[in-house]
Amino acid sequence: MGIDTIDVDRWRREFPILETCTYLVSHSLGAMPRRARTYLEQFANEWDVRGVRAWHEGWWEIGRVTGDLLAPILGVEPGTISMHQNVTVAQGIVGSCFGYNGPRRRIVMSELDFPSNHYLFEGFRRYGAEIAYVAAPDSTRIDTQRMVDAIDDRTLLVPLSYVLFRSAYVADAAAIIEKAHHVGAHVVLDVYQAAGAVPLDLAALGADFAVGGSVKWLCGGPGAGYLYVRPDLAGTLEPGFIGWASHAQPFEFLTGAVRRAGTPERFQSGTPNVPALYSARAGYEIVGEIGVAAIRRRSLALTRRLIDGARAAGFRVNTPDRDEERGASVVVDVPDGAAVTDALVARSVIVDHRPGAGIRIAPHFYNTETEIDHALGVLRELVNG
Ligand SMILES: Cc1ncc(COP(=O)(O)O)c(C=O)c1O
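Residues numbered from 1 in each chain as written. Predicted model: local features only at pLDDT ≥ 70, side-chain atom pairs only at ≥ 80, totals over all residues. Heavy atoms only, no water.

Things to note about the overall build of the chain
What counts is decided by this rule: A run of H or I in DSSP becomes a helix once it reaches four residues, and a run of E becomes a strand once it reaches two; helices and strands are each numbered from the N terminus. Here the globule rule is a power law, 2.2 Å times the number of residues to the power 0.38, and the radius of gyration is based on C-alpha atoms. Burial classification: accessible surface area is computed with a 1.4 Å probe over protein chains only, and a residue below 20% of its type maximum counts as buried, one above 50% as exposed, and the rest as partly exposed. Here, residues are in contact when the closest pair of their heavy atoms is within 4.5 Å. Residue exposure ignores everything except the shown protein chains as possible cover, and the areas themselves are Shrake-Rupley values with a 1.4 Å probe. Note that His is not counted, nor are the chain ends; the positive residues are Lys and Arg, and the negative ones are Asp and Glu. The atom standing in for a charge is NZ when the residue is Lys, CZ when it is Arg, CG when it is Asp and CD when it is Glu.
A count of helical and extended segments in the chain gives 13 helices and 13 strands. On C-alpha atoms alone, the chain measures out to a radius of gyration of 21 Å, which is about the 21 Å that the 2.2 N^0.38 rule sets for 385 residues. Principal axes of the C-alpha set define a box for the chain whose edges measure 70 × 55 × 35 Å. Counting the 385 residues in the chain, one finds 57% classified as buried. A sequence separation of at least 24 residues applies to 71% of the contacts in the chain between residues at least 6 apart. Within the structure as shown, the chain displays about 15800 Å² of accessible surface, and the carbon and sulfur contribution to it stands at 51%. Averaging the coordinates of the 38 positive side-chain charges in the chain and doing the same for the 45 negative ones gives two points 2 Å apart.

Focus: the sheet that holds strand S7 (residues 209-212)
Quick reminder of the rule: One bridge is not enough; two strands pair if DSSP finds at least two bridges between them. The axes are straight lines fitted to the C-alpha atoms, using for helices just the contacting stretch, and the angles between their N-to-C directions are given from 0 to 180°.
Spatial ordering of the open sheet is given by S2-S8-S7-S6-S5-S3-S4, a layout of seven strands whose pairing is mixed. Among the strands making up the open sheet, the edge pair consists of strand S2 (81-84) and strand S4 (130-134). For this sheet the average axis-to-axis angle between neighbouring strands, irrespective of direction, equals 20 degrees. Both strand S5 (residues 155-161) and strand S6 (residues 186-190) contribute to a ladder of five bridges, which runs parallel. Each bridged residue has a counterpart across the sheet, and for Ser161 the counterpart in S6 is Asp190. Each of strand S3 (106-110), S4, S5 and S6 touches helix H5 (residues 115-123); the most contacted strand, S3, lies at about 165 degrees to it.

Let's talk about helix H2 (residues 34-50)
Inclusion rule: In this analysis, the expected span of each helix is defined as 1.5 Å times one less than the number of residues it contains.
For H2, which comprises 17 residues, the first-to-last C-alpha distance of 24 Å matches the rise-based estimate of 24 Å (1.5 Å per residue) to within 8%. In the core, the buried residues of H2 are packed alongside helix H10 (274-290). Gly51 sits one or two positions beyond H2 and adopts a positive phi of about 55 degrees.

Here we look at the sheet that holds strand S9 (residues 316-317)
The antiparallel open sheet is built from four strands, whose spatial order is S9-S10-S13-S12. Of all strands in the sheet, those bounded by a partner on one side alone are S9 and strand S12 (352-354). Where S9 and strand S10 (residues 330-333) come together, two bridges link them in antiparallel fashion. Across the sheet, residue Arg316 finds its bridge partner in S10, namely Asp333.

Overview of the side chain of Asp190
Note the cut-off: Salt bridges, as used here, are contacts in which a Lys or Arg side-chain nitrogen is within 4 Å of a carboxyl oxygen on Asp or Glu. Distance and chemistry together define a polar contact, namely a pair of N or O atoms within 3.5 Å, with one atom able to donate a hydrogen and the other to accept it when in protein, and with adjacent residues in sequence counting only for side-chain atoms on both sides.
Note on placement: Asp190 falls in strand S6. For the buried Asp190, no salt bridge is present, and the opposite-charge side chain at shortest range is Lys216, 8.4 Å distant. Looking at Asp190, its side chain comes within polar contact range of the main-chain nitrogen of Tyr192, at 3.0 Å. Aside from chain neighbours lying at most four places away, what touches Asp190 is Val87, Asn117, Leu160, Ser161, Tyr162, Val163 and Val211.

What to know about the site of the ligand
Put simply, the rule is: Throughout, near means a residue has at least one heavy atom within 4 Å of the molecule or strand. When residues are sorted by character, Ala, Val, Leu, Ile, Met, Phe, Trp, Tyr, Cys and Pro go into the nonpolar class, Asp, Glu, Lys and Arg into the charged class, and all the rest, Gly among them, into the polar class.
The full set of residues close to the ligand is Asn86, Val87, Thr88, Phe114, Phe165, Asp190, Tyr192, Gln193 and Lys216. Asp190 places a polar side-chain atom, nitrogen or oxygen, 2.6 Å from a nitrogen atom of the ligand. One nitrogen or oxygen atom from the side chain of Lys216 is found 2.7 Å from an oxygen atom belonging to the ligand. Calculation on the ligand without its partners gives an accessible area of 400 Å², and the protein chains cover 82% of this total. Its residues placed into classes, the shell around the ligand shows four nonpolar, three polar and two charged.

What to know about the nonpolar core
Stated precisely, the cut-off is as follows: Here, nonpolar core means buried Ala, Val, Leu, Ile, Met, Phe, Trp, Tyr and Cys residues that are tied together by side-chain atoms lying within 4.5 Å of each other.
Core analysis: the biggest nonpolar cluster contains 79 residues, and Leu74, Tyr162 and Tyr226 have the highest contact counts within it. For this core, the leading source of residues is H10, giving nine residues. The next biggest cluster of nonpolar side chains, apart from the first, holds 27 residues, and it includes Ala90, Phe98, Phe209 and Ala234.

Some details on helix H13 (residues 369-384)
Over its 16 residues, H13 runs 22 Å from end to end, which matches the ideal 22 Å to within 8%, given 1.5 Å per residue. Turning to H13, its buried residues number three or more, namely Glu371, Ile372, Ala375, Leu376, Gly377, Val378 and Leu379. Downstream of H13 by one or two residues, Gly385 has phi in the positive range, about 80 degrees.

Regarding the packing of aromatic side chains
Filter applied, for reference: Pairing of aromatic rings covers Phe, Tyr and the six-membered ring of Trp, with a centre-to-centre limit of 6.5 Å; geometry is then stacked below 30 degrees between planes, edge-to-face above 60, and tilted otherwise.
Considering all chains together, one arrives at 18 aromatic pairs under this definition. Here Phe15 and Phe365 contribute two aromatic rings whose centre-to-centre distance is 5.8 Å and whose plane-to-plane angle is 70 degrees, an arrangement assigned as edge-to-face. Taken together, the residues span a long stretch of sequence, with Phe15 in the loop between helix H1 (8-13) and strand S1 (22-23) and Phe365 in the loop between strand S13 (358-361) and H13 at a distance of 350 residues. Judged by its relative accessible area of 1%, Phe15 is buried. In this structure Phe365 comes out as buried when scored by relative accessible area, which is 1%. Measuring from centroid to centroid gives 6.0 Å for Phe43 and Tyr278, while their planes differ by 50 degrees, and the two rings are tilted. Taken together, the positions of Phe43 in helix H2 and Tyr278 in helix H10 put the pair 235 residues apart, joining distant regions of the chain. We classify Phe43 as buried; its relative accessible area is 12%. What makes Tyr278 buried here is its relative accessible area of 4%. Each residue in the set Phe43, Trp47, Trp55, Trp59, Trp60, Trp244, Phe251, Phe253 and Tyr278 is aromatic and connected to the rest through ring pairs, giving one cluster.

Written out as structure tokens, the structure is:
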């Protein structure tokens, strides 16, 4: 799968927004592929023309079909991914597979993890969960050894961002998973900032769970979150946060205790988010067609150019320098970063800003060297006058 050299001009034509601005914000919202509109029209036509019959002409199974399209991008087997509204819901379902009143009830997380994880698992304190936040040496990286040391036989879950949203730091997931497995804990890898930009082989890595969404590097739009569960573990789990779509025979409408479906359907809740899964298909197809390995090669070259240019201009870069530690975005810290970001956007250089981090700039496979140089030029003008 995949090609070695990306035909950037060809792919740019597939993303209309690129003609209107310098779009460097794919860590937040990947550009919309033309074919997403086609798929959304297909959804509208089916709803319009087929009505309720559409459920049994593909809509009901759309979660599994979409998960299978995503599976090679995550490096997992087909039939291991269920689709959900977002990462929070997927993490909530993972959390609902366990009890929190025994000796193993600790959740170990980095203090730098995405806020949703903190908020969600803080809520699990009411069920008896203990939370251990692992301090970071600074705001850009996780200290692997501290994470490893914090995981012990009281640890139940380790939610871990594979790529940190605030600095693009790539965690040493293998070391953390190894320790977790050694003591009988489970790692929930959040691959949102990696999927579609950084090659993933989650099966080889041995991740117990993985969660993410499609809004960013997958160019799939909102509403298509996903949950991967390690196949040998999945059938043994009994999530508590479920609905009729998790039942073995949903259309029997049996009441009382659930008879669980097999995997991955047992992790579903209710009615699938059909339009979101239609729109997500476009991005998955394109990322699959180009291949994440080729995307990664281009991404590393573009982020390197960005880092070198930012440093040459005297700006502080809050992103790891080493390729193997860097995801696909670059965080540049300048005085009054929020205001400078507004000014960049006003000049059609679309980036964003995160407090305590800096301006996040994210080239994807469809961006060019010229766009990087243009963004740096505008940034220099704004900061240095
Ligand atoms: C690493 C990471 N995890 C989770 C989220 C949020 O996920 P959701 O809105 O799907 O719950 C984000 C969004 O920015 C993110 O970057």
